[in-house]
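Next come the chains, spelled out residue by residue.
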Amino acid sequence: MRGRHVRHDGAVDCEPYRAELVAYCYRMVGSYHEAEDQVQETMLRAWKARDRYDAGRASLRTWLYRIATNVCLTALEGRARRPLPSGLGAPSDDPQAPLAPVFDIPWLQPFPDARVEVGVRADMRLALVAAMQTLPARQRAVLLLREVLEFSAAEVAVQLGTTVPAVNSALQRARAALAEAGETTDVNEVGEPDDPKVREVIERYMRAFEAADVPALVRLLTDDAVLEMPPVPLWYRGSHDYGLFMRRVFDMRGTGWRLRLLTANGQPALAAYAPEPGGGHRLHTLQVFTVTGDRIARNVVFADPAVFEAFDLSPQIIFDTPR
């Protein structure tokens, strides 16, 4: 994917890079839909500047990332970061707290893995992307371009219109900020969705959830498991409070839920369908899990229709079918 992709008529072909550019822009802006918009703008600018592209000075890939970075930096100017609830304050200790959504916060959104090839999903963990959102935009770009996309410091300096020492300094500051935010977990400690052990944990969680078996759910959690639910700013830490909240959910919405297995951000995910009083089920949430070892360490529960759309999840009633 690193070739120049120059067509026989002398024009450049940018389409082979679209998927990886969407993944890059997503890490920059924290929204799949916005990332698609930024890539569309990148492609438009590249098309307008195609006569000025010089393959002797930079590869097409490097040139496109320079354009995409500038597009993202412009879009991020003066804009609030996209957080998760756990990045805004202390956890709640009240499982009965009001579930009041806050819509004026631009919440971080998950990334639909099915939209891109496996090869461009590296370092997409939701918690890591959330931590990246706390970095100044240029530091975020340096971190991604150097450590995720493996451009050289010289290439990044050209892409950002700065110097190699400035790139190296920004990278050091970005690494230190992520370490301070606690995002130093070895990526090997976080289970991949296709790992048989991870799949077993999630399937056990699905069975327990569909049976409304709260004790079984709790047994699958780490002691300090996190549950958060944007756009509700409320979040919980600890398997005890997680279990109490889940009991509240089943009391409120009934039992007999149905779940569909997906992946998001290179992590296992579930689409949860709540039972309808008249029969059938309606889409309720998308849940993204972090699995470490044989336990669930985090569940981020999304109820935003824009998230459902990105994952091609229909909000319509799903009628019962034999399982």
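Residues numbered from 1 in each chain as written. Predicted model: local features only at pLDDT ≥ 70, side-chain atom pairs only at ≥ 80, totals over all residues. Heavy atoms only, no water.

Attention now moves to the nonpolar core. Among the nonpolar cores identified, the biggest contains 72 residues, and Tyr24, Met28, Leu286 and Leu313 are the most heavily contacted of them. In terms of residue count, the dominant contributor to this core is helix α3 (residues 60-76) (ten residues). Judged by nonpolar contacts, the second largest core, of 33 residues, contains Ala97, Ala225, Phe250 and Val301. (Core = buried A, V, L, I, M, F, W, Y, C linked by side-chain atoms within 4.5 Å. Buried < 20%, exposed > 50% of the residue type's maximum accessible area, 1.4 Å probe, protein only. Helix = DSSP H or I, 4+ residues; strand = E, 2+ residues; numbered from the N terminus.)

In terms of burial, strand β6 (residues 295-302) is a largely internal element, six of the eight residues being buried. The sheet contact formed by strand β1 (residues 221-229) and β6 spans four bridges and is parallel. Looking at the pairing, Leu227 lines up with Asn299 of β6. For strand β5 (residues 281-292) and β6, the ladder comprises seven bridges, and the chain directions are antiparallel. Along β6, the bridge assignment pairs Val291 with Ile296. What sits between β5 and β6 in their antiparallel hairpin is a turn of two residues, with Gly293 showing a positive phi close to 65°. (Pairing = 2+ DSSP bridges.)

Running from N to C, α3 and helix α5 (residues 137-148) cross one another at 150°; their axes reach a closest spacing of 10 Å. On the basis of the axis angle, α3 is roughly antiparallel to α5. Handedness of the crossing formed by α3 with α5: right-handed. Of the residues in α5, those in contact with Tyr65, Thr69, Leu73 and Leu76 of α3 are Ala137, Arg138, Arg140, Ala141 and Leu145. Residue classes in the contact of α3 with α5 are distributed as six nonpolar, one polar and two charged. (Axes fitted to C-alpha atoms, helices over the stretch in contact; angles between N-to-C directions. Parallel < 35°, antiparallel > 145°, perpendicular 65-115°, else oblique. Left-handed = near helix turned anticlockwise from the far one by under 90°. Contact = heavy atoms within 4.5 Å. Nonpolar A, V, L, I, M, F, W, Y, C, P; charged D, E, K, R; others polar.)

For the rest of this paragraph, the subject is the environment of Tyr273. Here Tyr273 is to be found in strand β4 (residues 267-275). Here the alpha-carbon distance between Tyr273 and Arg258, two residues 15 residues apart in the chain, equals 5.1 Å.

Since there are 3.6 residues in each turn of an α-helix, residues three or four apart along the chain are aligned in direction. Between the first and last C-alpha of α5 there are 16 Å, a value that for twelve residues agrees with the 16 Å anticipated at 1.5 Å per step. Among all positions of α5, only Gln139, Arg140, Ala141, Val142, Leu143, Leu144, Leu145 and Val148 are buried. Those residues of α5 hidden inside the fold are in contact with α1 (18-29), α3, α4 (126-132), α6 (153-160) and α7 (164-180). Just downstream of α5 lies Glu150, where phi reads positive at about 65°. (Expected span 1.5 Å × (residues − 1).)

Looking now at the confidence of the model for the chain. In this model, the chain carries an average pLDDT of 89, and 90% of its residues clear a pLDDT of 70 or more. When mean pLDDT is compared element by element in the chain, helix α9 (residues 214-219) scores highest at 98, while strand β7 (residues 317-318) scores lowest at 61. Residue range residues 6-10 is modelled with pLDDT below 50. Its contacts to residues more than four positions away, or to other chains, number three contacts. Counting interchain partners and residues more than four positions distant, the pLDDT-below-50 stretch residues 184-188 has four contacts. (pLDDT = per-residue confidence, 0-100.)

All right, on to the pairing of β5 then. Most of β5 sits out of view: nine of its twelve residues are buried. Bridging between β4 and β5 involves seven bridges; their strand directions are antiparallel. Across the sheet, Pro275 pairs through a bridge with His281, a residue of β5. Counting the residues in the hairpin turn of β4 and β5 gives five residues, including Gly279, whose phi is positive at 110°.

With that settled, consider the packing of aromatic side chains. Applying the stated criterion across every chain, the model contains ten aromatic pairs. Here the aromatic rings of Tyr32 and Phe111 are separated by 5.4 Å at their centres, their planes lie at 80°, and the arrangement is edge-to-face. Of this pair, Tyr32 sits in helix α2 (residues 32-48) while Phe111 sits in the loop between α3 and α4, placing them 79 residues apart in sequence. Plain terms: the ring middles of Tyr53 and Trp63 are 4.9 Å apart, the flat faces sit at 40° to each other, and that makes the pair tilted. Here Trp63 lies in helix α3 and Tyr53 lies in the loop between α2 and α3, a separation of ten residues in the sequence. (Phe/Tyr/Trp six-rings, centres within 6.5 Å; stacked < 30°, edge-to-face > 60°.)

So, on to the side chain of Asp241. Among the secondary structure elements, Asp241 is positioned in helix α10 (residues 239-253). Although Asp241 is buried, it makes no salt bridge; Arg237 carries the closest opposite charge, 9.4 Å away. Setting aside anything within four residues of it in sequence, one finds Asp241 in contact with Ser92, Asp93, Pro95 and Tyr236. (Lys, Arg positive; Asp, Glu negative; His and termini not counted. Salt bridge = Lys/Arg side-chain N within 4 Å of Asp/Glu carboxyl O.)

This part takes up the environment of Arg82. Position of Arg82 among the secondary structure elements: in the loop between α3 and α4. Owing to a relative accessible area of 10%, Arg82 belongs among the buried residues under this scheme. Taking the C-alpha atoms as reference points, Arg82 and Val129, separated by 47 residues in sequence, lie 9.5 Å from one another. Discounting residues that sit within four places of it in the chain, Arg82 has contacts with Val29, Gly30, Ser31, Glu34, Pro106, Trp107, Leu108, Gln109 and Gln133. A distance of 3.4 Å separates the side chain of Arg82 from the backbone oxygen of Val29, its partner in a polar contact. A polar side-chain atom of Arg82 sits 2.5 Å from the main-chain carbonyl oxygen of Trp107. (Polar contact = N/O pair within 3.5 Å; in protein donor to acceptor, adjacent residues only side chain to side chain.)

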